[in-house]
Amino acid sequence: TSDTFGNTIFQQWGTNYAGHLSGSLNSQVLNASHDADWGAIRTVKMGVRTTQREKAYNQISWDFDNTTVALSTSDLERVRVSGRPDFVDFAGGLDSAITKYFGADALSTSGRTATASDLVNKDWRAKENNTSAYVQLDLAGDGLAHGYRGDFGLRVAHTSQTGYGYTQADGGTPTAVSDGTGYTRLLPSLNLVLSLDEAEQHQLRFGASRAMSRAPL
């Protein structure tokens, strides 16, 4: 198609990509404590905590027909506004022009139907469930130096992780797959504070624990 100056007007459109990343974190906690007088044990604390983490990515693509789309001057119209310079607009409106030149799904936020490449190369989901229970004993007494206080505890943490995606064999239809792992860890801790004088101006502190840091999803 040529304009009034003899220039050829055309455009080449291909595939465009975007994506949607989502994530969630839920947690439930229950704690309890009981005052005690069992020698050096002053308080017994216990509790349970569960968390559920999930993250997913879905690729969205738009196929703009991947063909040379000719722009015809008949698709344009001159618009006259009193007191203003004339301008050119699409005769059927912008939305219809976008649909014509970029494809029927161009204005859809969900894009086209996911292709095998979208599913296999980009779509994934990861889920992690954690359950932990602990017991802690608060300590205090006069048996060491000028008195001591502290706590001893044990946390048992169980984690299960699952990943979801798609696999494709020999160019066939993508198939949903999942795999994961689970593990349990014992996490003890001990904290003690020794008073070296009655005024507690000088103290000796000791602490030891085993901790676990979770990788981000």
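Up top is the structure these notes are about.
As the structure is a computational prediction, the values presented were derived from the model and not from experiment. Per chain, residue numbering runs from 1 following the sequence as it is written. Totals for whole chains, interfaces and linings use every residue, but because this is a predicted model, local features are given only for residues with pLDDT of at least 70 and side-chain atom pairs only at 80 or more, for both listing and counting. Working from all heavy atoms in the structure, the side-chain values ignore hydrogens and water.

Q: Even after reading the chapter, I still don't get the overall build of the chain, so can you show me in this structure?
A: Labels follow the DSSP assignment, with helices taken as runs of H or I lasting at least four residues and strands as runs of E lasting at least two, numbered in each case from the N terminus. Of the regular secondary structure elements, the chain holds 2 helices and 10 strands. Along the chain, helices (α) and strands (β) appear in the sequence β-β-β-β-β-β-α-α-β-β-β-β when read from the amino end. Throughout, radius of gyration means the C-alpha value; the globule benchmark is 2.2 Å times the number of residues raised to the power 0.38. Scaling as 2.2 N^0.38, a compact globule of 217 residues should have a C-alpha radius of gyration of about 17 Å, whereas the chain reaches 33 Å, well beyond that. In terms of overall dimensions, the chain has C-alpha extents of about 100 × 60 × 25 Å along its principal axes. Counting over 217 residues, the chain shows a buried share of 22%. When checking whether two residues touch, look at their non-hydrogen atoms; a contact exists if any pair is within 4.5 Å. Nonlocal contacts in the chain, meaning residues at least 24 apart in sequence, comprise 64% of its contacts between residues at least 6 apart. Only the protein chains shown count as covering a residue, and every accessible area follows the Shrake-Rupley method with a 1.4 Å probe. When the accessible area of the chain is evaluated, it comes to approximately 14,600 Å², of which 52% is carbon and sulfur surface. The charge count treats Lys and Arg as positive and Asp and Glu as negative. His and the chain ends do not count. In plain terms, the charge of a residue is placed at NZ if it is Lys, CZ if Arg, CG if Asp and CD if Glu. Of the charged side chains in the chain, 19 are positive and 23 negative; the average position of the first set lies 3 Å away from that of the second. Exposure is judged per residue with a 1.4 Å probe applied to protein chains only, and the accessible area is read against the type maximum: over 50% gives exposed, under 20% gives buried, and values in between give partly exposed.

Q: I'm lost on the sheet that holds strand β7 (residues 124-141) in this one. Help?
A: Two modes of strand pairing occur in sheets, parallel and antiparallel, and in both the strands are linked by backbone hydrogen bonds. One open sheet accounts for 6 strands, arranged β2-β3-β7-β8-β9-β10; its pairing is antiparallel. One side of each edge strand has no neighbouring strand; the edge strands of this open sheet are β2 (15-38) and β10 (203-209). Ignoring which end each strand starts from, the neighbouring axes of this sheet average 10 degrees apart. Strands qualify as paired when DSSP identifies two bridges or more between them. With 16 bridges joining them, strand β3 (residues 41-63) and β7 adopt antiparallel strand pairing. Within β7, the position partnered with Thr 50 by the bridge is Thr 131. Axes, fitted as lines to C-alpha atoms, cover a helix only where it is in contact. Angles between the N-to-C directions of the axes lie from 0 to 180 degrees.

Q: Help me out: how do you make sense of the pattern of salt bridges in this one?
A: A side-chain nitrogen of Lys or Arg and a carboxyl oxygen of Asp or Glu constitute a salt bridge if their distance falls within 4 Å. Within the structure shown, the criterion is met by 5 salt bridges. Across the salt bridge formed by Asp 138 and Lys 45, the nearest N and O atoms sit 3.2 Å from each other. One end of the pair, Asp 138, is in strand β7; the other, Lys 45, is in strand β3, and 93 residues separate them in sequence. Between Asp 86 and Arg 80 there is a salt bridge, with the nearest N and O atoms lying 3.7 Å from each other. Asp 86 sits in the partly exposed class, given a relative accessible area of 39%. In this structure Arg 80 comes out as exposed when scored by relative accessible area, which is 63%.

Q: For this particular structure, what's the right way to read the environment of Gly 39?
A: The residue Gly 39 is located in the loop between β2 and β3 in this model. Separated by 101 residues in the primary sequence, Gly 39 and Ala 140 have C-alpha atoms spaced 8.7 Å apart.

Q: Can you walk me through the pairing of β7 in this structure?
A: Within a regular strand, the side chains alternate between the two sheet faces. Alignment of β7 against strand β8 (residues 148-167), held across 17 bridges, turns out to be antiparallel. In the sheet register, Ser 132 faces β8, and the bridge partner there is Ala 157.

Q: I tried to follow the side chain of Ser 61 on my own but got confused; where do I start?
A: Assignment of secondary structure puts Ser 61 in strand β3. Residue Ser 61 is classed as buried on the basis of its relative accessible area, which comes to 1%. Any pair of nitrogen or oxygen atoms within 3.5 Å is treated as a polar contact; in protein, a donor-acceptor pairing is required on top of that, and neighbouring residues in sequence qualify only through side-chain atoms on both sides. Within the structure, the side chain of Ser 61 is placed 2.9 Å from the side chain of Asp 118, a separation counted as a polar contact. Contacts of Ser 61, omitting those with residues within four sequence positions, involve Thr 15, Asn 16, Tyr 17, Gly 111, Arg 112 and Asp 118.

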